[in-house]
Amino acid sequence: MTDKDILTRPIGRSGIEASAVGLGTWAIGGWMWGGTDEKQSIDAIRASVEAGISLIDTAPAYGMGLAETIVGKAIAGQRDKVILVSKCGLVWHVAEGTYFFHQDGKPVHRYLGPSSIRHEVEESLRRLGTDYIDHYVTHWQDATTPIADTVGELLRLKDEGKIRSIGASNVSEADLAAYLATGALDAIQEEYSMVKRDIETSFVPTCIANDVSILSYSSLALGLLSGKIGPDRVFAADDQRHGNARFSMGNREKVARLMEVIRPIAHHHNASVAQVVIAWTVSQPGITFSLCGARDPGQAIENAGAARLHLTEQDVSTITAGIREHLVDLDR
Ligand SMILES: NC(=O)c1ccc[n+]([C@@H]2O[C@H](COP(=O)([O-])OP(=O)(O)OC[C@H]3O[C@@H](n4cnc5c(N)ncnc54)[C@H](OP(=O)(O)O)[C@@H]3O)[C@@H](O)[C@H]2O)c1
């Protein structure tokens, strides 16, 4: 196998090409995921790159800089192999915009004012140990700053070579329209997986019509779709999955029934069910990239393998029918 076997796609109209399966680093930041292990995380990132994955998604908010710092250490000496995605707009250096949550005892606000973005990008570049970010994303939207002002600053950063393309995440339909009006949007980043498909009827048609890529996040539904969450899996109290309705026993049983539909397809392709889940995700119209978190090299290598898996149209329609049959009335 060579890197040529890896499915790659362009990010919007930026001319940047990245692996359709991306490595997500939220869990690597530890926050909301029961902590992190730096060495294991670095090994996971390096294993992912070694397995041909170029797209790495991170954010300052993932452990208040910790995920970015770990990514920076992992990619040192191989920056050219990686398409780095990072984000702005969840801030703790100022208390402007709208209060969102507390992390490590500090209030975090949603704020996308131009001078704050400039501060954030410099901090991210320092933590990541690089002088450019390939895809820079507004993480959550800020009702107090006009989107045109935010994009104006992002375009200045692009002119200066500090960022190479522009994305927006967790947008409303009105936000998306405002970003499209600037003509500068390359991609949106939204939750999408077999258990959460609402963007198929909202954002997908608009994005296809405007050449805007979609990076789907939580593509494994926080691990529920990994094929490894049985009835006995227990989550630590500081893991967001603890007490989360998505991981109810009823949902686990429904997912297990879907996995029985997926298993023969996985077997036929000599793949795992998680790989088939990810390959199904990037086979959906308009879903350009699938971001999947991984905490150790085993998960990273397994998920990377999905970028080499080619499902047939029959596979995809069998799985989609299985989703329709088994994933009804999920606990949310
Ligand atoms: N823009 C946004 O607002 C936003 C929001 C969420 C996520 N994201 C991005 O999208 C990325 C992916 O989403 P996510 O991390 O939330 O959820 P995800 O990819 O659905 O799930 C990740 C978790 O599933 C488990 N897992 C992954 N691969 C596995 C495998 N092969 N076998 C067994 N378990 C496996 C791991 O947890 P355990 O080992 O602990 O079970 C891992 O931490 C994030 O890391 C982040 O970069 C962005």
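All of the points below concern the structure found in this document.

What counts as what
Residues numbered from 1 in each chain as written. Predicted model: local features only at pLDDT ≥ 70, side-chain atom pairs only at ≥ 80, totals over all residues. Heavy atoms only, no water. Pairing = 2+ DSSP bridges. Helix = DSSP H or I, 4+ residues; strand = E, 2+ residues; numbered from the N terminus. Axes fitted to C-alpha atoms, helices over the stretch in contact; angles between N-to-C directions. Contact = heavy atoms within 4.5 Å. Parallel < 35°, antiparallel > 145°, perpendicular 65-115°, else oblique. 1 Å grid on protein atoms, 1.4 Å probe; cavity = no way out; pocket = protein on both sides within 12 Å on 5 of 7 lines; lining within 4 Å. Points joined across faces, edges and corners; volume = space filled by probe spheres on them. Nonpolar A, V, L, I, M, F, W, Y, C, P; charged D, E, K, R; others polar. Polar contact = N/O pair within 3.5 Å; in protein donor to acceptor, adjacent residues only side chain to side chain. Left-handed = near helix turned anticlockwise from the far one by under 90°. Phe/Tyr/Trp six-rings, centres within 6.5 Å; stacked < 30°, edge-to-face > 60°. Near = heavy atom within 4 Å. Areas by Shrake-Rupley, 256 points an atom, 1.4 Å probe, with all protein chains shown as cover.

1. Quick look at the sheet that holds strand 7 (residues 98-103)
Right, so step 1: Strand order in the open sheet made by the three strands is 6-8-7, with antiparallel pairing throughout. Unpaired on one side and paired on the other, strand 6 (90-91) and strand 7 mark the two borders of the sheet.
Right, so step 2: Two elements, strand 7 and strand 8 (residues 106-110), share five bridges in a ladder whose sense is antiparallel. Its bridge partner lying in strand 8, Phe101 is registered against Val108.

2. Some words on the sheet that holds strand 3 (residues 21-24)
Right, so step 1: Judged by pairing direction, the barrel is parallel, and its eight strands sit side by side in the order 3-4-5-9-10-11-12-13 before closing back on the first. Sheet twist, expressed as the mean angle between neighbouring strand axes with direction ignored, is 25 degrees.
Right, so step 2: As paired strands, strand 10 (residues 166-169) and strand 11 (residues 187-191) are joined by three bridges and run parallel to one another. Its bridge partner being in strand 11, Ser169 is matched across the sheet by Gln189.
Right, so step 3: This element, helix 3 (residues 114-128), spans strand 5 (83-88) and strand 9 (135-138) of the sheet and lies at about 140 degrees to strand 5.

3. Focus on the packing of helix 7 (residues 249-268) against helix 8 (residues 273-282)
Right, so step 1: Across the interface, helix 7 lies against helix 8 with an axial gap of 9 Å and an inter-helix angle of 95 degrees. In terms of their interaxial angle, helix 7 and helix 8 are classed as roughly perpendicular. Here Met259, Ile262, Arg263, Ile265 and Ala266 of helix 7 come into contact with helix 8, specifically with Val273, Val276 and Val277.

4. Here we look at empty space enclosed by the protein
Right, so step 1: If you walk through the whole model with that rule in mind, you get one cavity of 30 Å³ or more.
Right, so step 2: If you go around the largest cavity, the residues you meet are Val21, Gly22, Leu23, Ser48, Ile53, Cys292, Ala300, Asn303 and Ala304.
Right, so step 3: Contributions of two or more residues to the lining of the largest cavity are made by strand 3 and helix 9 (297-305).
Right, so step 4: Tallied by class, residues from the lining of the largest cavity come to six nonpolar, three polar and no charged.

5. Details of the side chain of Ser165
Right, so step 1: Tracing the chain through its elements places Ser165 in the loop between helix 4 (147-159) and strand 10.
Right, so step 2: There is a polar contact of 2.7 Å between the side chain of Ser165 and the backbone oxygen of Asp134.
Right, so step 3: Other than its neighbours up to four places away in sequence, Ser165 contacts Ile11, Ser14, Ile16, Asp134, His135, Tyr136 and Asp186.

6. Thoughts on the packing of helix 4 against helix 5 (residues 173-182)
Right, so step 1: Where helix 4 meets helix 5, the closest approach of the two axes is 9 Å, and the angle between their N-to-C directions is 45 degrees. By the angle between their directions, the pair helix 4 and helix 5 is classed as oblique. Taken as a pair, helix 4 and helix 5 cross one another with a handedness that is right-handed. Taking contact as the criterion, the partners of Ile147, Ala148, Thr150 and Val151 in helix 4 are, on helix 5, Asp175, Ala178, Tyr179 and Thr182.
Right, so step 2: A class-by-class count of the residues in the contact of helix 4 with helix 5 yields five nonpolar, two polar and one charged.

7. A short note on the packing of aromatic side chains
Right, so step 1: One pass over the full model with this rule turns up eight aromatic pairs.
Right, so step 2: Aromatic side chains Trp26 and Tyr62 sit 6.0 Å apart centroid to centroid with 25 degrees between the ring planes, which places their arrangement in the stacked category. On the criterion of sequence distance, the pair formed by Trp26 in the loop between strand 3 and helix 1 (38-50) and Tyr62 in the loop between strand 4 (55-57) and helix 2 (66-75) is long-range, its members being 36 residues apart.
Right, so step 3: Connected via pairs of aromatic rings, a cluster forms that spans Trp26, Trp31, Trp33, Tyr62, Phe100, Phe101 and Trp140.

8. With respect to the site of the ligand
Right, so step 1: Looking at the ligand, there are 31 residues lining it, with Asp57, Lys228, Arg241, Gly293 and Gln299 nearest.
Right, so step 2: Between an oxygen atom of the ligand and a main-chain N or O atom of Trp26, the distance comes to 3.0 Å.
Right, so step 3: Between the ligand and the protein, one listed contact pairs an oxygen atom with a side-chain N or O atom of Gln299 at 2.7 Å.
Right, so step 4: Starting from 890 Å² of accessible surface for the ligand in isolation, the protein chains cover 96%.
Right, so step 5: Taken together, the elements giving at least two residues each to the shell around the ligand come down to strand 13 (289-293) and helix 9.

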